[in-house]
Every structure is written in C-alpha cells, then in structure tokens.
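# Summary of structural features
Residue-level listing of the chains:
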Amino acid sequence: MQNRITELFGIKYPIIQAGMVWASGWRLASAVSNAGGLGLIGAGSMYPEVLREHIHKCKATTDKPFGVNVPMLYPDLDKIMEIIIELGVKIVFTSAGNPKTWTAYLKENGITVVHVVSSVKFALKAQEAGVDAIVAEGFEAGGHNGRDETTTLTLIPSVKEKISIPLIAAGGIATGRSMLAVMVLGADGVQVGSRFVASDEASSHMLFKQKVVEAGEGDTQLTLKELAPVRLIKNKFYHDIQRAYENGASVEQLNALLGRSRAKRGMFEGDMEEGELEIGQVSAIIHDIQPASQIISEMIQEFEEAKAGITAL
Ligand SMILES: Cc1cc2nc3c(=O)[nH]c(=O)nc-3n(C[C@H](O)[C@H](O)[C@H](O)COP(=O)(O)O)c2cc1C
C-alpha cells in the first residue's frame, strides 16, 4: 500500500487518525501509530503544558511516526508551536485558520506540514503557502466544518483537479469501502475522525462513545454557522440552539448560549444533555467501540476485499 502519503509520513497504511478535541490524546495517537496508521494528538483541547506531557507519553509508547493537530482558533499558539519544535515533533496538521501564518516557520524547523481545508479555494491557498499535503474535509464530517456544505464525494475530485500535492480525504470515511471510494476519486489517503471516537483508547467520555454507536441516520446536524459551523448530535443543547434561532437570536446571544467549555462538558465530562457533542454523519454506521488497532486492521482488510471486488465488476 505504499503511495505518496505513506512515503511522506513513513507509515504503513495511508490512514490518519484525526486530531480531535477531547478525544485524541497520546493513548489513541500511539495506538494508531503502532498499528501502522498515523496518530495525531489533538492540541485543540490542551493547555501547552498538557500538550507537552502528551507528546512525551506518545514518544514513550511508540517508536513510529506521529503528529500533532493544531486548530488555529485557540489561544497560546506561540507556546504550542514552541513545544512542538522543542520536543522534535516531525508532523503538524494545522486547521481552522490561515495556512500562511505558520507553514514557513514550521517547515524551516524541519516539520512536515499538512493543512485542513473544506473547499478548492482554500486548498489552493494552502498549496501556495507551501504545505506538504492537504486534508480536504467534506460536509459529512464531525466537528468544525466549512460553510459551503460541499460533500466529500464532490470535494475530493474538485480539489484533485486543481492541486498537485498529496491529498487526504476526510468526512464520512469509517470503513475500508469508503476509503477505497475516495482513493478512486483521487485521494492518496484518508483522515478518519468519528470512528476513532468510538475506540477504546479515545479519551472521550464513555457515555459519549455509547451515544456515537447508538446514533442513527439524521441524528447529527451542522449548526452555529454564524459562529463556527459545527456538526453536532441532536441533544438538548442542540435543540436549545434551534429554539434560539426560531426566536431570532443574534450572534451575541448564540455566543452566550454556547458559553465556555460546552465541548468539554459533553465529550469529556459526559453531560449528554447540556454538552456539545461533535460527531459526523457516519456515526450512523459505527456500531461498536473497538481497539484502535482493530479499526485499522478491519479497514485495511475491507479495503483489500472491496478492491478485489471492483476488478471483478
Ligand atoms: C469529536 C471531534 C473533534 C474534532 N476536533 C477537531 C480538532 O480539534 N481539529 C481538527 O482539525 N479537526 C477536528 N475534528 C474533525 C476531524 O479532524 C476530522 O476531519 C473529521 O472528524 C473527519 O470526518 P468524520 O468524523 O466523518 O470521520 C473533530 C471531529 C470530531 C468528531
């Protein structure tokens, strides 16, 4: 399975475990890397010193490549980048911000840089900023998302048409079959989020993991476009947002409703009513909480079987 993505990162399989707030700490990242994928520590929910600890633990538990995801909408970015460089992390995935801000600096420090985008326009900007690869994330994805509602099925061939650097597909990919599908469309690898939330090693609260495996069709929705669009499970907090919209809430009122620490409250502390629960549409076909290594091996086996099936078509 060697291709541009496995070569870029020095990994066995072109499967990247997404960096995810309140889900992807050192335990998940090292388990995925040990299983032949690329594990990412999600720095978005970590104070700089917490990130330092996670990088140390990841290094102690895997000798395989791993990386850090840095969403650029959170504070302390200078400190976060300083720690990443100081501790010799070799791969950084940036998201939710301008790729020009950090790419050159990180690359000068010998780091492979990948940026997450939701449109062709932003993919071109990221390529121009000098990133080594792009994650193109479709509308189905869990967590923060683009405003244009471009689905993965449309986004991947559209981005492929315009960029030449390696392309990683994200959004709605949880099985080997969907991995094969996006690779047929032009992706060199996949970034998988929701399925790894439902893993033994994810740091998410057990009640949230259970909610993910119980979720069915139509149980998630993209909302809060006026703030930062995010796909959530429809729980009480989601319905409170809907009521606020119906009452003509202003951006300030939506911000006040969101408040602080909603995501932590839901995904990490397990408040299934009042917390913010970020997950993708694909949760509808995630039925089990499994070890990360089993998720990787099942995906690869299914990918190979589906590929063999295609040649028989
Ligand atoms: C719980 C959760 C938290 C997320 N947090 C982040 C994050 O901190 N940074 C980021 O770039 N993307 C984040 N995402 C998006 C993922 O990185 C990934 O692109 C997305 O989950 C892929 O779609 P899928 O959920 O359909 O697999 C998050 C997604 C989920 C489900």
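Residues numbered from 1 in each chain as written. Predicted model: local features only at pLDDT ≥ 70, side-chain atom pairs only at ≥ 80, totals over all residues. Heavy atoms only, no water.

### Observations regarding the packing of helix α2 (residues 26-34) against helix α3 (residues 48-61)
Remark: α2 packs on α3, axes separated minimally by 9 Å, with the N-to-C direction vectors making an angle of 30 degrees. Between α2 and α3, the angle is such that the two are roughly parallel. Along this stretch, α2 crosses α3, giving a crossing that reads as right-handed. Packed against α2, whose contacting residues are W26, A29, S30 and N34, the element α3 presents H54, K57, C58 and T61 at the interface. For the contact of α2 with α3, the per-class residue count stands at three nonpolar, four polar and one charged. (Axes fitted to C-alpha atoms, helices over the stretch in contact; angles between N-to-C directions. Helix = DSSP H or I, 4+ residues; strand = E, 2+ residues; numbered from the N terminus. Parallel < 35°, antiparallel > 145°, perpendicular 65-115°, else oblique. Left-handed = near helix turned anticlockwise from the far one by under 90°. Contact = heavy atoms within 4.5 Å. Nonpolar A, V, L, I, M, F, W, Y, C, P; charged D, E, K, R; others polar.)

### Observations concerning the sheet that holds strand β4 (residues 91-95)
Strand order in the open sheet formed by eight strands is β1-β9-β8-β6-β5-β4-β3-β2, with parallel pairing between adjacent strands. Whereas interior strands pair on both sides, the edge strands pair on one side only; in this sheet they are β1 (15-17) and β2 (39-42). Strand-to-strand twist across the sheet, computed as the mean angle between neighbouring axes with direction ignored, equals 25 degrees. Across the sheet, helix α6 (residues 120-129) touches β5 (112-117) and β6 (133-137), and the angle it forms with β5 is around 165 degrees. (Pairing = 2+ DSSP bridges.)

### As for unusual backbone geometry
Positive phi, normally seen in glycine, also occurs at D76, with a value near 65 degrees. Residue placement: D76 occurs in the loop between β3 (66-71) and α4 (77-86). Residue class for D76 comes out partly exposed when judged on its relative accessible area of 42%. Within the chain, E149 stands out as a residue other than glycine whose phi angle is a positive 60 degrees. Tracing the sequence through the fold places E149 in the loop between β7 (143-144) and α7 (152-162). The class for E149 is partly exposed, based on a relative accessible area of 39%. (Buried < 20%, exposed > 50% of the residue type's maximum accessible area, 1.4 Å probe, protein only.)

### Examining the nonpolar core
In this structure, I15, I55, I84 and F196 are the most contacted members of the largest nonpolar core, which totals 79 residues. At seven residues, the largest contribution of residues to this core is made by helix α14 (residues 292-311). F9, I91, V135 and I168 belong to the second-largest nonpolar core, a separate cluster that totals 14 residues. (Core = buried A, V, L, I, M, F, W, Y, C linked by side-chain atoms within 4.5 Å.)

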